[in-house]
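Here are the chains, one letter per residue:
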Amino acid sequence: MGKSLTHIDSEGSARMVDVGAKAETQRVAVASGRITMTAEALAAIRAGDAPKGDVLGTARIAGIMAAKKTSDLIPMCHPLMIDAVNVDFTFEDDAIRATATAALTGKTGVEMEAITGVSVALLTIYDMAKALDKGMVIGEIRLIEKRGGKSGHWKADLGKADLG
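Residues numbered from 1 in each chain as written. Predicted model: local features only at pLDDT ≥ 70, side-chain atom pairs only at ≥ 80, totals over all residues. Heavy atoms only, no water.

An unreviewed UniProt entry annotates the chain as Cyclic pyranopterin monophosphate synthase originating from Novosphingobium indicum. Taken directly from UniProt, the Function (unreviewed entry) text for the chain runs: "Catalyzes the conversion of (8S)-3',8-cyclo-7,8-dihydroguanosine 5'-triphosphate to cyclic pyranopterin monophosphate (cPMP)." According to its UniProt record, the chain has this under Sequence similarities (unreviewed entry): "Belongs to the MoaC family." (UniProt positions renumbered as here; feature names shortened; annotations may be inferred.)

Engineer: What's the story with the packing of aromatic side chains in this structure? I'm lost.
Structural biologist: A ring pair, where both rings are aromatic, is described by two values, the distance of the centres and the angle of the planes. Applying the stated criterion across every chain yields a total of zero aromatic pairs. Over the aromatic face of Phe91 sits the side chain of Arg46, whose NZ or CZ is 4.2 Å from the ring centroid. (Phe/Tyr/Trp six-rings, centres within 6.5 Å; stacked < 30°, edge-to-face > 60°. Lys NZ or Arg CZ within 6 Å of the ring centre and 35° of its normal.)

Engineer: Sorry if this is basic, but what is going on with the pattern of salt bridges here?
Structural biologist: Opposite charge on two side chains permits pairing when their charged atoms draw close. In the structure shown here, the tally under the stated rule is nine salt bridges. Notably, a salt bridge pairs Lys130 with Asp127, separated by 2.5 Å at the nearest N-O pair. A residue is classified by how much of its surface remains accessible, and Asp127, at 32% relative accessible area, is partly exposed. Each of Arg34, Glu92, Asp94, Arg97 and Glu140 takes part in one network of salt bridges that share partners. (Salt bridge = Lys/Arg side-chain N within 4 Å of Asp/Glu carboxyl O. Buried < 20%, exposed > 50% of the residue type's maximum accessible area, 1.4 Å probe, protein only.)

Engineer: Mind showing me how you'd approach empty space enclosed by the protein here?
Structural biologist: If a probe as big as a water molecule is rolled over the atoms, it shows which places are left empty. Taken as a whole and assessed by the stated rule, the structure comprises one cavity of 30 Å³ or more. Here the largest cavity defines a volume of roughly 30 Å³. Around the largest cavity sit Ala67, Lys68, Thr70, Ser71, His78, Pro79, Leu80, Ile82 and Glu113, which together line it. Taken together, the residues of the lining of the largest cavity break down into four nonpolar, three polar and two charged. (1 Å grid on protein atoms, 1.4 Å probe; cavity = no way out; pocket = protein on both sides within 12 Å on 5 of 7 lines; lining within 4 Å. Points joined across faces, edges and corners; volume = space filled by probe spheres on them. Nonpolar A, V, L, I, M, F, W, Y, C, P; charged D, E, K, R; others polar.)

Engineer: How do you make sense of the sheet that holds strand β3 (residues 95-106) when you look at a structure like this?
Structural biologist: By definition, the strands of a sheet pair up through backbone hydrogen bonds, in either a parallel or an antiparallel sense. Strand order in the open sheet made by the five strands is β2-β3-β1-β4-β5, with antiparallel pairing throughout. In this open sheet, the two strands that pair with only one neighbour each are β2 (84-91) and β5 (154-155). Looking at chain direction, strand β1 (residues 25-36) and strand β4 (residues 137-147) are connected through eight bridges and run antiparallel. Residue pairing in the sheet places Thr36 in a bridge with Val137 of β4. Running over the sheet, helix α2 (residues 55-68) touches β2 and β3 and is turned about 145° from β2. Its contacts with the sheet put helix α4 (residues 111-129) on β1, β2, β3 and β4, and the angle it makes with β1 is roughly 25°. (Pairing = 2+ DSSP bridges. Helix = DSSP H or I, 4+ residues; strand = E, 2+ residues; numbered from the N terminus. Contact = heavy atoms within 4.5 Å. Axes fitted to C-alpha atoms, helices over the stretch in contact; angles between N-to-C directions.)

Engineer: Could you clarify how one ought to interpret the packing of α2 against α4 in this entry?
Structural biologist: Two numbers describe a pair of packed helices, the interaxial angle and the distance between the axes. Put simply, α2 and α4 touch, their axes get as near as 7 Å, and they point 145° apart. The handedness of the crossing between α2 and α4 comes out as right-handed. Of α4, the residues touching α2 (which contributes Val55, Leu56, Thr58, Ala59, Ala62, Gly63, Ala66 and Ala67) are Glu113, Thr116, Gly117, Val120, Ala121, Thr124, Ile125 and Met128. Per-class residue counts for the contact of α2 with α4 are ten nonpolar, five polar and one charged. (Left-handed = near helix turned anticlockwise from the far one by under 90°.)

Engineer: What should I look at first to understand the environment of Val87 in this one?
Structural biologist: As for its position among the elements, Val87 is in strand β2. Along the sequence, Val87 and Arg60 sit 27 residues apart, while their C-alpha atoms lie 5.5 Å from each other.

Engineer: Is there a simple way to explain the UniProt feature "binding site: substrate" (unreviewed entry) in the chain in this structure?
Structural biologist: On the UniProt side, "binding site: substrate" (unreviewed entry) is annotated at positions that read Met76, Cys77, His78, Met112 and Glu113 here. Over a stretch of 38 residues, the named residues converge on one spot in the fold, their C-alpha atoms separated by at most 12.5 Å. Lining residues of the largest cavity, restricted to the annotated ones just named, are His78 and Glu113. Overall, the relative accessible area of 15% leaves His78 in the buried class. Structurally, Glu113 is set in helix α4. Not counting residues up to four positions away in its chain, the partners in contact with Glu113 are Ala67, Thr70, His78, Leu80, Ile82 and Ala102.

Here it is as structure tokens:
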């Protein structure tokens, strides 16, 4: 028989997984995504000349706040006492890449927190820079790496098409 669905009970109803018996371990998750935009918008953000102010500073704070609120947004996520969240940005030829890292010592992983953090950081860049380019495209949001827990260490196979 195949793997059972952990968020569905025997009657087919949604449920939150019981993690009470799991051991606490150090857990880390890294997620990434990017937002493509015009050269003009990219230059304005890089120079700090966007009409709404410090785009990346605001996006960093938004990403951190979002990671902390993941369980309020994703129905089956456990509320977690996150030890650390970092959101970083790199400029690419036609885009900005956001990377979020979340960490804790706990009974469940922080993958959703890292993915939520990177997603909201990118949405905030869009909001802060939409006066410069309404055609920006958010994409490639994915888990890059996770460490800790029963499944151990996992790292995405990053081919040529991924992450530049």
